[in-house]
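Structural features, examined
For reference, the chains in residue letters:
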Amino acid sequence: MTVVLGCIADDFTGATDLAGLLARSGVRVSLRLGVPETAPADVETSSFEVIALKCRTAPVEEAIAETQAALAWLQAAGAERFFWKYCSTFDSTAKGNIGPIAEALMAKLGSKQTIYCPAFPENGRSIFMGNLFVGEQPLHESPMKDHPLTPMRDSNLMRLLEPQVSGKVGLANRLVVDQGVPALRNRLAELRADGVAHVVIDAVANIDLTIIAEACRDLPLMTGGSAVAMPLPSLYMADGVLSADAPKPVKPALAPGQIVLSGSCSAMTRKQVAAFAAGAEAFKLDPLALAKDGAKAAADWLAQQAPETAKIVYATAEPSEVAAAQAELGVEKAGKIVEDALAELAVQARDAGVRRFVVAGGETSGAVTNALGVKQMTIGPEVAPGVPWTWCVSADQDIALTLKSGNFGQEDFFARALQMLEEQ
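A short tour of the structure in this document, coming up.

An order of β6-β7-β8 is seen for the three strands of this open sheet, with the pairing classed as antiparallel. The open sheet has two free edges, formed respectively by β6 (125-128) and β8 (137-138), since each of these has just one partner strand. Note: strand β7 (residues 131-134) against β8, two bridges, orientation antiparallel. The partner of F133 across the bridge, within β8, is P138.

As C-alpha cells, this is what we get:
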C-alpha cells in the first residue's frame, strides 16, 4: 500500500499519541517501534506509518542518525510527506533535539522551510504570540519547569528554538491564523522570502489546527505535537490521495491479568498514582535502593501478587525526591536504574500471566516495550485524547498496552483505562 504520510516520533508515548489521533479517521495506521530491520518491500505497509524512536534525550548526533535512518525507511516505503513529532510541551534542552533533527530532516528532503506547532488544545496546550501555555500557565510556570530530564524554563518557542538551529526563526501569530488558509500561506511565503526556515505557528483551538494543516499539508516536512497532524487524513482524502481503507481494529482475546507501571514524575501522574494506589496493591521503587540492591525486593513482591489483582509498581515521586536521587546517582543513572527495573518487572509480569499493561512516562514506555520485544502495534480505542490502547504480541502472547505521556489523562486514568478494556 502507498504510504501517504511517514511519521517519526521522539518517544514511544508520543508515537501512540500521534497514531491514536490519526486512527480517529478510520484509516489504517501502523506503529513500529524503532527503525524496522526488514525492508518496506517485505512487510505490509499502511497509509500512515509511524516510527517510534527513543531519541528525545539521546546525544544529538545519535538522535540525528536514528531519525535519518527512519526517514530513509519511510522514503523506501514510498512516502513523500513527512511529520516530525515531539511533545506538546516542547521537551528539549538548549542543544536539542527538536531543532537539530528538524534541520537534518529538512536537509535530506531539500526543504527550505518547516513549521513548529506543539499545540494540543484538547489537552490544554496552546500557543499565543509564540508562547506555549499548559492550561492557563505559561510553560515555564507549569510543572514542566521541574522535569527531571528536560526542565522547561522559558515559554517562548522562538527563544527555545533559536539556539538549536542554524537557520532563521520566525512566527506566524494567531492574528494571521485567524484570517484563514490564504493569509497563513502568504505569511509563510513572506518569511521564506526573508530567509526564515523555522516558523513557529500559534494555535489556541482545534479550528486553528485545521487551518494550519490545510495551509501546510503539501510541505515536505511538518513538525509539531500530534494534534496538528489530526486534520491531515481528511485533507488527504479531499485531495484524492487517500481512501479510508481500514476496518476497525479487533481486540484480541486476552487472558486475565493487569499491571500499572509508572516511571513518570509529572504532576498529573503523581495524582494518578495516588488515586490508583488507594485501591490497589502498590510497590514504590526507590532509585537509591535499586542502585544498591537491584529490583529483587520488587520482584519478590510482584511474585506474591495474582495476575488479576489490581496492582501498580511506580517510581513516581515529588520533585524534591527526584532531585535527591539525581544528586546522589547522577541524572542519567537515576533514570536508567528505574527504567531497567520497570522493564524487568514487566517481563516478569508477562511471564506470570499478565496481559494488560498500563505504562506511564515516555522513557519508561520505551524501556518496557523494548523489554517485552514489541515491534509493531495495532491502534485501539482512546482512553483519553492522544492515549489509545494498542494490541501487540510479546513472546507469542497477545497483550494490550497503553503508553501514557506524563501529563496526559485525568486523575482516574489508570482505573478508567483498565475498565475500558473490559468493556470492549
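Once you've had a look at it, read on.
Another aspect to go through is the nonpolar core. A general tendency of soluble globular proteins is for nonpolar side chains to be buried together. With 145 residues, the main nonpolar core has W84, I201, I212, L285, F357 and W389 as its most contacted residues. It is helix α13 (residues 331-351) that provides the largest number of residues to this core, a total of eight residues. Once you skip the residues sitting within four places of it in the chain, F357 turns out to touch I259, L261, A346, A349, R350, W389, I399, A400, L401 and T402.

For the rest of this paragraph, the subject is the packing of helix α9 (residues 267-277) against helix α15 (residues 413-423). Closest axis-to-axis distance for the α9/α15 pair is 7 Å, and the angle between their directions is 65 degrees. For the pair α9 and α15, contact is made by Q272, V273 and F276 and by F413, F414, A415 and L418, respectively. Looking at the contact of α9 with α15 residue by residue, the class counts come to six nonpolar, one polar and no charged.

Before going further, it helps to spend a moment on the packing of aromatic side chains. Scanning all chains against the criterion turns up eight aromatic pairs. Relative to F408, the ring of F120 lies with its centre 5.7 Å away and its plane at 90 degrees, an arrangement referred to as edge-to-face. Taken together, the residues F120 in the loop between β5 (114-117) and β6 and F408 in the loop between β18 (397-404) and α15 connect sequence positions 288 residues apart. You'll find F120 and F408 in the same group, each marked buried. In textbook terms, an aromatic cluster arises when at least three aromatic residues are bridged by ring pairs, as seen for W84, Y86, F90 and Y116. The ring of Y236 is capped by R81, whose NZ or CZ atom sits 5.1 Å from the centre of that ring.

Procedures and definitions
- Residues numbered from 1 in each chain as written.
- Predicted model: local features only at pLDDT ≥ 70, side-chain atom pairs only at ≥ 80, totals over all residues.
- Heavy atoms only, no water.
- Pairing = 2+ DSSP bridges.
- Helix = DSSP H or I, 4+ residues; strand = E, 2+ residues; numbered from the N terminus.
- Core = buried A, V, L, I, M, F, W, Y, C linked by side-chain atoms within 4.5 Å.
- Buried < 20%, exposed > 50% of the residue type's maximum accessible area, 1.4 Å probe, protein only.
- Contact = heavy atoms within 4.5 Å.
- Axes fitted to C-alpha atoms, helices over the stretch in contact; angles between N-to-C directions.
- Nonpolar A, V, L, I, M, F, W, Y, C, P; charged D, E, K, R; others polar.
- Phe/Tyr/Trp six-rings, centres within 6.5 Å; stacked < 30°, edge-to-face > 60°.
- Lys NZ or Arg CZ within 6 Å of the ring centre and 35° of its normal.

Keep in mind that these numbers describe shape and distance, not what the molecule does.
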